[in-house]
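# Close look at the chain arrangement
Listed here are the chains, written in short residue letters.
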Amino acid sequence: MKTPAKILAAQVSRIEESGRFYPRSEALPTWCPGCGYFGIHQGIVDCISSLGLPLHEIVTVSGIGCAGRYPFFSKTYGLHTVHGRTLPAATGIKLAKPGLTVFAIGGDGDGLAIGGGHLPHIARRNIDVNYVLFDNSIYGLTKGQPSPTSPLGSKTKASPYGTVDQPLNATLMALTYGASFVARLFAGDPKGITDALIQGVQNPGFSVFHVYTSCVTFDKTFKTWTNLKKWVHPLPAGYDPTDIHVAFDQVLKDDFSMGIIYRRKN
Ligand SMILES: Cc1ncc(C[n+]2csc(CCOP(=O)(O)OP(=O)(O)O)c2C)c(N)n1
Ligand code: SF4
């Protein structure tokens, strides 16, 4: 009889044969079923696998939050640091060991609220870190309070009458602070995440991957899969990501075009 363990083992060996499994750790993700983070994880796994990066030369660094659990689920070296200190920790690692590939992982709360003061400085120093911002517009781990990217009027348990603050736009912030590679991506498109990461990891400077995702447990009304799938679309045909003016114009006029927004010519 096929037990669940046997079915899982068969799946694992199928994935391993396709070369896609090796960057995952033995610890299965503890995220809720249906969480968008699984799609982002897949995107990162496929990037590492496609580039053939040796796992002992990669570090994943995170702060606190559901996104912050990421290093446990990756077979690379990992550092689960304190809330909001993802980017300074990643900077230190890269400066101490420039040969390593560093992935900084964090939620919108971690990176734009408590840790928001660090984004401009890693960007202006152009430290070669790959920052994957898991943006579900909510605090997931602490059970659904609004975050800096919650749309105006978002109703949560901590904002029952709707938020009154304007949301931050992380893609625009990354451009403004001078990140040398900026992509806006969708967790429902792991292949798009992989393709952008493959290019961004090869960018010799600070790369930001702003990923729209959904918290299925605490956001039943706004950034749901149904809405996100309706809203996201590719950048216009002929879009030139090497022109910073074009990039600003695109981000200012359209919140939902996805792809490589900006790539500095090196
Ligand atoms: C110094 C400090 N302040 C507050 C907290 C409580 N806290 C833990 S996770 C979190 C927010 C997480 O939200 P986000 O970064 O968006 O990640 P998600 O859980 O949605 O992935 C907060 C406020 C903490 N752990 N440490
Ligand atoms: S609470 Fe939300 S963000 Fe956290 S694991 Fe569950 S679905 Fe994902």
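Below you will find a few notes about this structure.

Rules behind the numbers
- Residues numbered from 1 in each chain as written.
- Chains lettered and ligands numbered in written order.
- Predicted model: local features only at pLDDT ≥ 70, side-chain atom pairs only at ≥ 80, totals over all residues.
- Heavy atoms only, no water.
- 1 Å grid on protein atoms, 1.4 Å probe; cavity = no way out; pocket = protein on both sides within 12 Å on 5 of 7 lines; lining within 4 Å.
- Points joined across faces, edges and corners; volume = space filled by probe spheres on them.
- Helix = DSSP H or I, 4+ residues; strand = E, 2+ residues; numbered from the N terminus.
- Core = buried A, V, L, I, M, F, W, Y, C linked by side-chain atoms within 4.5 Å.
- Buried < 20%, exposed > 50% of the residue type's maximum accessible area, 1.4 Å probe, protein only.
- Contact = heavy atoms within 4.5 Å.
- Pairing = 2+ DSSP bridges.
- Axes fitted to C-alpha atoms, helices over the stretch in contact; angles between N-to-C directions.
- Phe/Tyr/Trp six-rings, centres within 6.5 Å; stacked < 30°, edge-to-face > 60°.
- Near = heavy atom within 4 Å.
- Polar contact = N/O pair within 3.5 Å; in protein donor to acceptor, adjacent residues only side chain to side chain.
- Areas by Shrake-Rupley, 256 points an atom, 1.4 Å probe, with all protein chains shown as cover.
- Nonpolar A, V, L, I, M, F, W, Y, C, P; charged D, E, K, R; others polar.
- Parallel < 35°, antiparallel > 145°, perpendicular 65-115°, else oblique.
- Left-handed = near helix turned anticlockwise from the far one by under 90°.

### Examining empty space enclosed by the protein
The full count for this structure, using the stated rule, is 1 cavity of 30 Å³ or more. Along its surface, the largest cavity is lined by Gly84, Thr86, Leu87, Asp110, Gly111, Gly115, His118 and Tyr131. The set of elements that each furnish at least two residues to the lining of the largest cavity consists of helix 3 (86-96) and helix 4 (108-114).

### Structural notes on the nonpolar core
Counting 31 residues, the largest nonpolar core has Val129, Phe206 and Ile261 as its most contacted members. For this core, the secondary-structure elements that each account for two or more residues are strand 1 (58-62), helix 3, strand 3 (101-107), helix 5 (119-125), strand 4 (130-135), helix 6 (170-177), helix 9 (244-253) and strand 10 (257-263). Core analysis: the second largest hydrophobic core is formed by 28 residues, Tyr37, Leu55, Phe134 and Ala187 among them.

### A closer look at helix 3
Every buried residue belonging to helix 3 is among Thr86, Leu87, Ala89, Ala90, Thr91, Ile93 and Lys94, and all of these are buried. Tucked into the core, helix 3 has its buried residues touching strand 1, strand 2 (77-80), strand 3, helix 4, helix 5 and strand 4.

### Some remarks on unusual backbone geometry
Even without glycine at this site, Asn126 takes up a positive phi of about 50 degrees. Considering the arrangement of structural elements, one finds Asn126 in the loop between helix 5 and strand 4. Even without glycine at this site, Ser137 takes up a positive phi of about 60 degrees. Looking at where Ser137 falls in the secondary structure, it is placed in the loop between strand 4 and strand 5 (138-139).

### Overview of the sheet that holds strand 3
Read across the sheet, 8 strands follow the order 2-1-3-4-8-7-10-9 without closing on themselves; strand pairing throughout is mixed. Strand pairing shows two members of the sheet lacking a second neighbour, strand 2 and strand 9 (233-234), which therefore form its edges. The pairing of strand 7 (residues 181-186) with strand 10 spans 4 bridges and is classified as antiparallel. For Arg184, the partnering residue across the bridge sits in strand 10 and is Gly259. Against the sheet, helix 2 (residues 37-51) makes contact with strand 1, strand 3, strand 4 and strand 8 (207-212), and its axis sits at roughly 160 degrees relative to strand 4, the strand it touches most. Along the sheet, helix 9 contacts strand 7 and strand 10; its crossing angle with strand 10, the most-contacted strand, is approximately 155 degrees.

### A short note on the packing of aromatic side chains
Within the structure shown, the criterion is met by 12 aromatic pairs. Ring centres 5.8 Å apart and planes at 45 degrees place the aromatic pair Phe181 and Phe209 in the tilted group. With a gap of 28 residues between them, Phe181 in strand 7 and Phe209 in strand 8 connect regions that are remote in the sequence. By relative accessible area, Phe181 is classed as buried at 0%.

### Side note on the site of ligand 1
For ligand 1, the set of nearby residues contains 17 residues, the closest of which are Tyr37, Cys66, Gly109, Asp110 and Gly140. Residue Gly140 places a main-chain N or O atom 2.8 Å away from an oxygen atom belonging to ligand 1. Taking 590 Å² as the accessible area of ligand 1 by itself, protein coverage stands at 72%. Those elements that place two or more of their residues in the shell around ligand 1 are helix 4 and strand 5. Grouping the constituent residues of the shell around ligand 1 by class yields 8 nonpolar, 7 polar and 2 charged.

### Here we look at the site of ligand 2
The local shell around ligand 2 consists of Trp31, Cys32, Cys35, Tyr37, Cys66, Asn136, Gly140, Cys215, Val216, Thr217 and Phe218. Residues that form the shell around ligand 2 fall into these classes: 8 nonpolar, 3 polar and no charged.

### A closer look at the packing of helix 6 against helix 9
Where helix 6 meets helix 9, the axes come as close as 10 Å, and the angle between the chain directions of the two elements is 155 degrees. As far as their axial angle goes, helix 9 and helix 6 are roughly antiparallel. Here helix 6 and helix 9 pass one another in a crossing that is left-handed. Seen from helix 6, the contacting residues are Thr171, Leu172, Leu175 and Thr176; seen from helix 9, they are Ile244, Ala247, Phe248, Val251 and Leu252. Partitioning the contact of helix 6 with helix 9 into residue classes produces 7 nonpolar, 2 polar and no charged.

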